[in-house]
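Chain by chain, the residues run as shown.
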Amino acid sequence: EEAARGRERQLNAMATNIPGVVYRFYVNPDGSTGFDYISERSRQILGIENDMATFFANVSGGIVPDDRERFLNSISHAISTKTTWEFNGRYEKPSGKKIWVSAVSSPVMEKDRLIFDGVLFDNTARMQAEEALRHSEQYYRALFKYTESATIIIEEDTTISLANEAFAQLYGSSRNNIEGKVKWTHFVAPDDLEGMIDYHRRRRNNPGDAPTVYEFQFMTSDGSIRNMLAHVGMIPGTMQSVA
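Definitions and limits used
- Residues numbered from 1 in each chain as written.
- Predicted model: local features only at pLDDT ≥ 70, side-chain atom pairs only at ≥ 80, totals over all residues.
- Heavy atoms only, no water.
- Pairing = 2+ DSSP bridges.
- Helix = DSSP H or I, 4+ residues; strand = E, 2+ residues; numbered from the N terminus.
- Axes fitted to C-alpha atoms, helices over the stretch in contact; angles between N-to-C directions.
- Contact = heavy atoms within 4.5 Å.
- Expected span 1.5 Å × (residues − 1).
- Buried < 20%, exposed > 50% of the residue type's maximum accessible area, 1.4 Å probe, protein only.
- Salt bridge = Lys/Arg side-chain N within 4 Å of Asp/Glu carboxyl O.

Asks: Teacher, can you tell me more about the sheet that holds strand β1 (residues 21-27) here?
Replies: Where strands meet in a sheet, backbone hydrogen bonds hold them as pairs that are either parallel or antiparallel. In spatial order, the strands read β2-β1-β5-β4-β3; together these five strands make up an open sheet with antiparallel pairing. Only two strands of the sheet have a single partner each, and these edge strands are β2 (33-38) and β3 (85-92). For this sheet the average axis-to-axis angle between neighbouring strands, irrespective of direction, equals 25 degrees. Bridge count for β1 against strand β5 (residues 113-122) is seven bridges, and the pairing is antiparallel. Counted as the bridge partner of Val22 is Val119 from β5. Across the sheet, helix α4 (residues 65-81) is in contact with β1, β3 and β5; its angle to β3 comes to roughly 155 degrees.

Shown next, in the form of structure tokens:
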């Protein structure tokens, strides 16, 4: 008994330092379920007590209605298939504050019981960051698409990975024939090519070592020459440039 109490104290100490609700969920042979353990973090993260008799009902009731069926179905599936349970969804605390919660647990058989040991944690910051990133990407894609300036994204190996419609019209071909298939050196008149290749290399070694605005001669698909003014800069944190 003393050894069991010692192990429980160790478990509580470890669980307290884990930034999530640690739990042990069991499924009996007759299909009944319950909890052997729930860490005290449930008060901080979920706003509910770690009462093993009421915990499941309180968590289920807190999952927002749009996500609740998916939550319950994911549990049923994990139990029936004896596979890892994973869930990510929205939860409303008793205070009314809504957060994103994620949970994961892996099943093991202990005698005749199916046991899921796992952790449930607050995932709000990550989900908000991902949502902000999606909005940012949509915003810049819209700018890239609808600007009237011919615009391209250039990879380190000089391949054009993205081109907008204005660039495709300038060259006289479709974006499908340009993106990922053609290098920017293909569009530059021979007299300007050597200098621009040097700019491309210097810009990646030291972004401040190459001009950001310069003129050059551009060759269209029919071989005609256009006098162009280029604005070129590196995309922070990458080896890509935008022109």
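Asks: I would appreciate a short explanation of unusual backbone geometry in the present structure.
Replies: Working note: non-glycine residues mostly have negative phi, and peptide bonds are mostly trans. Even without a glycine there, the phi angle at Lys82 is positive, about 55 degrees. For Thr158, which is not glycine, the phi dihedral falls at a positive 80 degrees. Mapped onto the elements, Thr158 comes out in the loop between β6 (152-154) and β7 (160-163).

Asks: I tried to follow helix α5 (residues 124-146) on my own but got confused; where do I start?
Replies: For an α-helix, 3.6 residues make a turn, and residues three or four places apart therefore share a direction. With 23 residues, α5 ought to run about 33 Å at 1.5 Å a step, and its terminal C-alpha atoms sit 33 Å apart, in line with that. Considered for burial, the residues of α5 that qualify are Thr124, Met127 and Phe144. Buried residues along α5 sit in contact with β3, β4 (98-110), β5, β6 and β7.

Asks: Could you clarify how one ought to interpret the pattern of salt bridges in this entry?
Replies: Pairing between side chains of opposite charge can happen when their charged atoms approach one another. Inspection of the entire model under this criterion finds 14 salt bridges. Here Glu110 makes a salt bridge to Arg24, at a shortest N to O gap of 3.2 Å. With Glu110 in strand β4 and Arg24 in strand β1, the pair connects residues that are 86 residues apart, well separated along the chain. Exposure remark for Glu110: the relative accessible area of 33% places this residue in the partly exposed category. Put simply, Glu179 and Arg175 hold a salt bridge, and the shortest N to O gap is 3.0 Å. Arg175 sits in the partly exposed class, given a relative accessible area of 31%.

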